[in-house]
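Observations on chain architecture
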Amino acid sequence: MPKSVDRIPPMPRIQALDPKRSEQSWESAPQLQAALNGARLGAWYWDIERGKISWSRGTQALFGFDPRKPLPSDLEYLDLLPPEDRAKTIRAFHAVIAGAPLEQAMHHRIRWPDGSLHWLEISGSLLPDKHGRPRMIGVIREITHQRQREQALSSSEKRFATLFHLCPNMVLLTRQEDGLITEANQYFESLFGWPVQNAIGRTTLELGLWVHPEQRAELVKKTKAKGELISMEVQFRASNGQIHDGILSAQKVELEGQPYLLSTFLDTTERKAAEHALKDSQERLDLALDSAQLGTWDWHIPSGMLYGSARAAQLHGLDPIPFHESFDEFFEGVPGEERDSMRDAYRSLREGPAGNYQLTYRVQLEDGTSRYLESRARLYRDENGAPLRMAGTLLDITDQVELGIYFYPKGQEPKFRQVLHLMGATNAGGGGALGSAVDIPPNTVKATEGYFLMREMNVGQDSDFTREQFLVRYNSELANNLGNLVNRTLNMTTRFAAGVLPAAEVTEDLERSLQELWAKTRSEFIPLCEGFQ
């Protein structure tokens, strides 16, 4: 019965024979050469006494020569090596001749006829021939690509080690399973206080590095689920117990078949402390501004964009939320005539040497009423002197204006009011008149003049009176301070007492004695003050 052409040969089976007998059963050289050629290996034979080398066709190819043709002439072996490799090769030859065993393969480079360099690995055994003469037989293979990979890997490892240890942030290499530290850079030691050599071989949990151990469990879970970089905010504890806030970034890597985590830690402790301090400072500022009922604004002049606080927006009749739109939109409710005055004030500020300004203006609200605002600001310039930004505050002075107790800065008296006009500067000691008031109750003028005289001038000495001094005292101490006190008192009375002040009651002896003293002093003081020359 003929054999089937589809018959599958049996799988290879290793026979229990003496290897020496197997070697003798081979057809020696042809089969051995075929095996060497299949493995891209070359065979060589070195007659040590005569200094002659013979090689196989595979070896000739490994030296860059055509294996199908004989060499054109004899070659000196050392001439095939680069000069820098010859000394090492000569030492190896001498050691073999002296009888030293060739326990490790020898590596050196050879230069091909085309000028390219190739790495060879040479292995051999020292065996005497049948006459006892020394000879060496071995194999040779090219390892150029292997050496290139090794060099690339070594270079990469050196670069990694350099980056690892010079990184300005903490870098850790830990085993993913249990957090065992296998590598740490010097920043780990300087930041957390543990010497690197003492930390290696211990887990991060043993060190107590994690303030919240559940954060490590979360990190491991995320790195197992994703192969990409994971970043998360964590807290680490130093050896002295200090807590460090920071951002931990970790990447899973495979080393020797085991998963590891390569992690970096960016310490944000100082930044967070600064942020908290800034937040606290801002909250204090906001409380102070809110208590003073002040709005703030900041105008970036080149872009025309203006930032206003919620209070500033509310004062302009807008929604009480922070404003960040154009300058024109913020002042849309200001009547056109007063816009012109504002432009003139800004032009004078921009072109003049002064950096501060004070301006009053009116805002028309949707319900038809008006709100009067006082704006105080400062102009900031860039390095070339060009206007860059203006920043300032807004104060509602509607009550003071309507009550007639607000004096506008010189040159800014609005046409919709008649205000107190003071004559030029006079010397108080010379008895000059102060001028007259228009549509202002005489008692208001008289009381204001009396306050200025008592506040500013010393009895028995000459003193100066100027319109500017009068306005400063009036606006800063009477209109602003007392006006704000009256305004807040009225607001609190409305909010907490339904707009009705309870009758005052004198219940203590001390308070009664003070009232009696004031009544007696007032009756004596006022005639003296009115007769003051």
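It should be noted that the structure appears before, not after, this text.
Just so it is clear, the model here is predicted, and its values are computed rather than measured.

**Observations concerning the overall build of the protein**
The helix and strand inventory of the protein stands at 17 helices and 18 strands. The buried share among the 533 residues of the protein stands at 29%. Intrachain contacts of the protein at a sequence separation of at least 6 include 44% that bridge at least 24 residues. Summed over its atoms, the accessible surface of the protein is roughly 35,400 Å², and 54% of this surface lies on carbon and sulfur atoms.

**So, the nonpolar core**
Formed by 25 residues in total, the largest nonpolar core has its most connected members in Trp297, Tyr357, Tyr361 and Met390. Those elements giving two or more residues to this core turn out to be strand S11 (294-300), helix H11 (310-315), helix H13 (336-351), strand S14 (356-364), strand S15 (370-381) and strand S16 (387-396). The contacts of Tyr357, once residues within four sequence positions are left out, are Trp297, Ala345, Leu349, Ser375, Arg376, Ala377 and Met390. Ranked by size, the runner-up nonpolar core spans 23 residues in total, among them Leu191, Val196, Ala199 and Leu219.

**Overview of the environment of Asp367**
Relative to the elements of secondary structure, Asp367 occurs in the loop between S14 and S15. Judged by its relative accessible area of 60%, Asp367 falls in the exposed class. Separated by 50 residues in sequence, Asp367 and Gly317 place their C-alpha atoms 9.8 Å apart. A polar side-chain atom of Asp367 sits 2.6 Å from a polar atom in the side chain of Thr369.

**Description of helix H17 (residues 509-530)**
Spanning 22 residues, H17 covers 32 Å between terminal C-alpha atoms, matching the ideal 32 Å at 1.5 Å per step. At Arg522, H17 shows its strongest bend, of approximately 25°.

**A closer look at the pairing of S11**
Relative to S16, S11 is paired through seven bridges, and the arrangement is antiparallel. Bridged to Trp299 within S16 is Met390. Of the pairings in the sheet, the one linking S11 to strand S12 (residues 305-308) comprises four bridges and is antiparallel in character. When the sheet's bridge partners are listed, His300 is paired in S12 with Met305. The turn linking S11 back onto S12 is made up of four residues, and Gly304 within it adopts a positive phi angle of 75°.

**Description of the side chain of His118**
Considering the arrangement of structural elements, one finds His118 in strand S4 (residues 117-126). Of the polar contacts made by the side chain of His118, one reaches the side chain of Ser116; its length is 2.9 Å. Apart from the residues within four sequence positions on either side, His118 is in contact with His108, Arg109, Ile110, Trp112, Glu142 and Thr144.

**Digging into a nonpolar patch on the surface**
A surface patch of nonpolar side chains, about 320 Å² in accessible area, is lined by Leu510, Leu514 and Leu517. By the secondary structure assignment, Leu514 is in helix H17.

**Comments concerning a negative patch on the surface**
Together, Asp280, Glu283, Asp286 and Asp290 make up a region of like negative charge exposed at the surface. Checked against the element boundaries, Asp286 lands in helix H10 (residues 269-291). According to the relative accessible area criterion, Asp286 is partly exposed, its value standing at 39%.

**Let's talk about the sheet that holds S15**
Across the sheet, six strands lie side by side as S13-S12-S11-S16-S15-S14; this open sheet has antiparallel pairing. This sheet does not close on itself; its edge strands, each paired only once, are strand S13 (323-326) and S14. The average angle at which neighbouring strand axes cross in this sheet is 25°, direction not considered. The pairing of S15 with S16 spans nine bridges and is classified as antiparallel. Bridged to Arg378 within S16 is Ala391. Here H13 sits on the sheet in contact with S11, S14, S15 and S16, set at roughly 170° to S14.

**Some remarks on the side chain of Ser263**
Residue position: Ser263 is located in strand S10 (residues 258-267). Classification of Ser263 by relative accessible area gives buried; the value is 6%. Ignoring anything within four residues of it in the chain, the contact list for Ser263 reads Met170, Val171, Leu172, Leu248, Ser249 and Ala250.

**Digging into H10**
Note that an α-helix has 3.6 residues per turn; residues three or four places apart therefore point the same way. Here H10 is 23 residues long and its end C-alpha atoms lie 33 Å apart, about the 33 Å a rise of 1.5 Å per residue gives. The first or second residue beyond H10 is Gln293, which carries a positive phi of 55°.

**With respect to the packing of aromatic side chains**
One pass over the structure, following the stated rule, counts 13 aromatic pairs. Here the aromatic rings of Trp55 and Phe63 are separated by 4.7 Å at their centres, their planes lie at 35°, and the arrangement is tilted. Residue classification places Trp55 among the partly exposed residues on the basis of a relative accessible area of 25%. Taken together, Phe188, Phe192, Trp194, Trp210, Phe236 and Phe265 form an aromatic cluster joined through their ring pairs. Between Arg147 and the ring centre of Trp119, over which it is positioned, the NZ or CZ distance is 3.8 Å. Directly above the aromatic system of Tyr380 lies the positively charged group of Arg378, at a separation of 5.8 Å from the ring centroid.

Reading the values: the criteria
- Residues numbered from 1 in each chain as written.
- Predicted model: local features only at pLDDT ≥ 70, side-chain atom pairs only at ≥ 80, totals over all residues.
- Heavy atoms only, no water.
- Helix = DSSP H or I, 4+ residues; strand = E, 2+ residues; numbered from the N terminus.
- Buried < 20%, exposed > 50% of the residue type's maximum accessible area, 1.4 Å probe, protein only.
- Contact = heavy atoms within 4.5 Å.
- Areas by Shrake-Rupley, 256 points an atom, 1.4 Å probe, with all protein chains shown as cover.
- Core = buried A, V, L, I, M, F, W, Y, C linked by side-chain atoms within 4.5 Å.
- Polar contact = N/O pair within 3.5 Å; in protein donor to acceptor, adjacent residues only side chain to side chain.
- Expected span 1.5 Å × (residues − 1).
- Bend = angle between axes of the 7 residues up to and from the residue.
- Pairing = 2+ DSSP bridges.
- Patch = residues over 30% accessible without salt bridge, like charges linked within 9 Å, V, L, I, M, F, W, Y side chains within 5 Å.
- Salt bridge = Lys/Arg side-chain N within 4 Å of Asp/Glu carboxyl O.
- Lys, Arg positive; Asp, Glu negative; His and termini not counted.
- Charge placed at Lys NZ, Arg CZ, Asp CG, Glu CD.
- Axes fitted to C-alpha atoms, helices over the stretch in contact; angles between N-to-C directions.
- Phe/Tyr/Trp six-rings, centres within 6.5 Å; stacked < 30°, edge-to-face > 60°.
- Lys NZ or Arg CZ within 6 Å of the ring centre and 35° of its normal.

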